[in-house]
Amino acid sequence: MRNETISIVGGCGHVGLPLGIVTAEAGYRTYLYDLNPSLVRLVNHKQMPHLEEEGPERLAAVIDSGELSATTDPTVLRDSSLILITIGTPVDEHLNPRLQDLIVALQGLREFLHSPEQLVVFRSTIAPGTLRVIGDQLQEWGCPVRVAYCPERIVQGKALTELKGLPQLVSGLDATAVARVKALFLALTDAEPIVLEPMEAELAKLFCNAWRYINFAISNQFYQIAEEAGANFGRIHEAAVSNYPRMKEFARAGLTAGPCLLKDTMQLASFSRNTFFLGHSAMLVNEGLPAFLLNQLRTALGGTLRGKTIGLLGMAFKPDNDDTRESLSFKIRKLLLNQGAQVLCHDPFVQHEYFPHIRFVGLDEAMATDGVVIGVPHSLYRHLKFAPEQVCIDVWNSVKP
Ligand SMILES: NC(=O)c1ccc[n+]([C@@H]2O[C@H](COP(=O)([O-])OP(=O)(O)OC[C@H]3O[C@@H](n4cnc5c(N)ncnc54)[C@H](O)[C@@H]3O)[C@@H](O)[C@H]2O)c1
């Protein structure tokens, strides 16, 4: 048991909860402070609100040991020397960062941020310059806390298994903040943290996500070029990467979605006064892919989707995961409905009761339709058998004959 107490703001979310499990395992008494009472209830009952590798057993162990608990009561922050911020940082309707959300959230907590012994660590992805703005704001409010940044870089669903090995990018507004955030993550991970200036750390995180988003867009554009030419992109991709190390970063085509990649690319675009042309082009390609796939489907079904029944397999944004945030399957469904088709959805991971307006059916029923679209390549779909005349749009090249 360590003598420092941690509070995680947004602690029942996808980033906060695994982080809290790890800090509790490392011997920090950890409170997960979250506005959402249903998530808090679930966590205190040892139930993971979302899929996370090793989540159920490791959550149960730290709740049983008394090192971790969740609460909707912010007063737990008062006696915490480490306060980790993991709330969402979305962009607004103009695709600009919603900095005010963060300020308002902190404003509600300012009475508990009372001592220079307290370190506030931002773990959420923030726009460049945000750490300084927040530091100034806290000072203006008379909160004497120290401020640091250590962006989360895990891949969703594997936080618990990845965190230990990933080097952390750490930064802070003064040397003490940097030393303390470094010490914290040294206690949680095996890799030596890398110290950066605040602006460098903020940009580094956005570069990671924008790079991935652009990389996927390259493959998605190549997919469209190949398919329009009547060539099979999946076969081209397999040939191009085969025993050719220089192409190892050449991604498969696929519906690029989720809560982070597009929004972080847009945070960077906003920061660069919308001169980040590669980022915007990537958005056009990735967000345009659903319409391209619909065209392929329409052509394959004789030129119209009106009156057709389409099976949409996979509503999550990534394979074998339950997270539907910003999933492009929902965009495909909407486009199909707009064109007069009926859509039968299937997803074994997604909790159907959250989507009462969507018609979920069993796999057999979704397959017995005029055409099938693979929204996300859950492993379950890999060995589906399609009759030769059956139409299946599989941008992922995931269904193996
Ligand atoms: N999900 C990922 O894999 C991932 C990876 C790296 C970075 N990030 C970044 O981490 C941040 C959080 O993402 P997430 O996916 O965990 O979001 P999330 O929506 O899963 O979790 C956020 C949690 O914060 C809670 N919350 C919101 N406002 C609050 C407030 N004012 N006080 C207390 N609790 C509050 C919500 O109830 C929710 O449980 C974002 O900046 C995101 O870009 C996410």
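The local shell around the ligand holds 25 residues, among which H14, V15, D34, T89 and K263 are the closest. Here G10 contributes a backbone N or O atom positioned 3.5 Å from a nitrogen atom of the ligand. The side chain of H14 places a nitrogen or oxygen atom 2.6 Å from an oxygen atom of the ligand. Out of a free accessible area of 830 Å², the ligand has 84% covered by protein chains. A domain split of the shell around the ligand shows at least three residues from each of domain 1 (5–196) and domain 2 (204–393).

Spatially, eight strands are ordered 3-2-1-4-5-6-7-8 in an open sheet, and the strand pairing comes out mixed. Looking along the sheet, the strands with just one partner apiece sit at the ends: strand 3 (68–71) and strand 8 (194–195). Bridge count between strand 1 (residues 5–9) and strand 2 (residues 29–33): five bridges; the pairing is parallel. In the strand pairing of strand 2, S7 is matched with Y31. The strands touched by helix 2 (residues 37–44) are strand 2 and strand 3; relative to strand 3, the strand with the most contacts, the crossing angle is about 160 degrees.

Along strand 4 (residues 82–85), one buried face is formed by L82 and L84 and the opposite face, lined by I83 and I85, is buried too. Across four bridges, strand 1 lies against strand 4 in parallel orientation. Across the sheet, the residue bridging to I8 is L84, located in strand 4. Bridge count between strand 4 and strand 5 (residues 119–122): four bridges; the pairing is parallel. Paired with I85 across the two strands is F122, which belongs to strand 5. Assessed by its sense of winding, the connection that carries the chain from strand 4 through helix 4 (residues 99–107) to strand 5 is right-handed.

It is worth spelling out the pattern of salt bridges at this point. Counted under the stated rule, the structure contains 14 salt bridges. For R98, the salt bridge identified is with D101, shortest N-O distance 2.8 Å. One salt-bridge network, in which partners are shared between bridges, spans E25, E54 and R58.

Our next topic: a nonpolar patch on the surface. On the surface, a nonpolar cluster with roughly 270 Å² of combined accessible area is contributed by I218, F222 and I225. Tracing the chain through its elements places I218 in helix 8 (residues 198–228). Relative accessible area serves as the criterion here: at 37%, I218 is assigned to the partly exposed category.

A few words on the domain arrangement of the protein. Segmentation of the protein into domains returns domain 1 (5–196) and domain 2 (204–393). Each partner contributes residues to the interface: domain 1 has 23 residues there, and domain 2 has 20 residues. Here domain 1 and domain 2 share an interface that buries about 1,600 Å² over both sides, 59% of which is from carbon and sulfur atoms. One can count 10 residue pairs in polar contact (both at pLDDT 80 or more) joining domain 1 with domain 2. Along the lines of polarity and charge, the residues of the side of domain 1 that touches domain 2 split into 14 nonpolar, seven polar and two charged.

Attention shifts here to helix 2. In an α-helix there are 3.6 residues to a turn, and that puts residues three or four apart on one side. With a side-chain oxygen positioned 3.0 Å from the backbone nitrogen of S38, the residue opening helix 2 is N36. A positive phi of about 65 degrees marks K46, the residue just after helix 2.

A few words on the nonpolar core. If you look at the biggest cluster of nonpolar residues, it comprises 47 residues, and the most contacted ones within it are L293, L297, L313 and L336. Among the elements of the structure, helix 8, helix 11 (277–300), strand 9 (309–313), helix 12 (328–338), strand 10 (342–346), helix 13 (363–367), strand 11 (371–374) and strand 12 (391–393) are those that each provide at least two residues to this core. Per-element accounting of this core gives the leading share, five residues, to helix 11. Apart from residues no more than four positions distant in its own chain, L336 is found in contact with L294, L297, L305, I310, A341 and V343. Core analysis: the second largest hydrophobic core is formed by 35 residues, I8, V62, L82 and F185 among them.

Moving on, we come to the environment of K46. In this fold, K46 is placed in the loop between helix 2 and helix 3 (55–64). For the pair K46 and A61, spaced 15 residues apart in the sequence, the C-alpha separation amounts to 8.6 Å. What K46 contacts, discounting residues up to four positions off in sequence, is L59, A60, I63 and D64. Polar contacts involving the side chain of K46 include one to the side chain of D64, which spans 2.8 Å.

Turning our attention to the pairing of strand 1. Most of strand 1 is tucked away: four of the five residues are buried. What joins strand 1 to strand 2 is helix 1 (residues 16–25), and the crossover it makes is right-handed.

Thresholds, definitions, all that
- Residues numbered from 1 in each chain as written.
- Predicted model: local features only at pLDDT ≥ 70, side-chain atom pairs only at ≥ 80, totals over all residues.
- Heavy atoms only, no water.
- Near = heavy atom within 4 Å.
- Polar contact = N/O pair within 3.5 Å; in protein donor to acceptor, adjacent residues only side chain to side chain.
- Areas by Shrake-Rupley, 256 points an atom, 1.4 Å probe, with all protein chains shown as cover.
- Domains from an automatic or database assignment.
- Pairing = 2+ DSSP bridges.
- Helix = DSSP H or I, 4+ residues; strand = E, 2+ residues; numbered from the N terminus.
- Contact = heavy atoms within 4.5 Å.
- Axes fitted to C-alpha atoms, helices over the stretch in contact; angles between N-to-C directions.
- Buried < 20%, exposed > 50% of the residue type's maximum accessible area, 1.4 Å probe, protein only.
- Right-handed = clockwise from strand over helix to strand, strands pointing away.
- Salt bridge = Lys/Arg side-chain N within 4 Å of Asp/Glu carboxyl O.
- Patch = residues over 30% accessible without salt bridge, like charges linked within 9 Å, V, L, I, M, F, W, Y side chains within 5 Å.
- Buried area = accessible area lost by both parts, 1.4 Å probe.
- Nonpolar A, V, L, I, M, F, W, Y, C, P; charged D, E, K, R; others polar.
- Core = buried A, V, L, I, M, F, W, Y, C linked by side-chain atoms within 4.5 Å.

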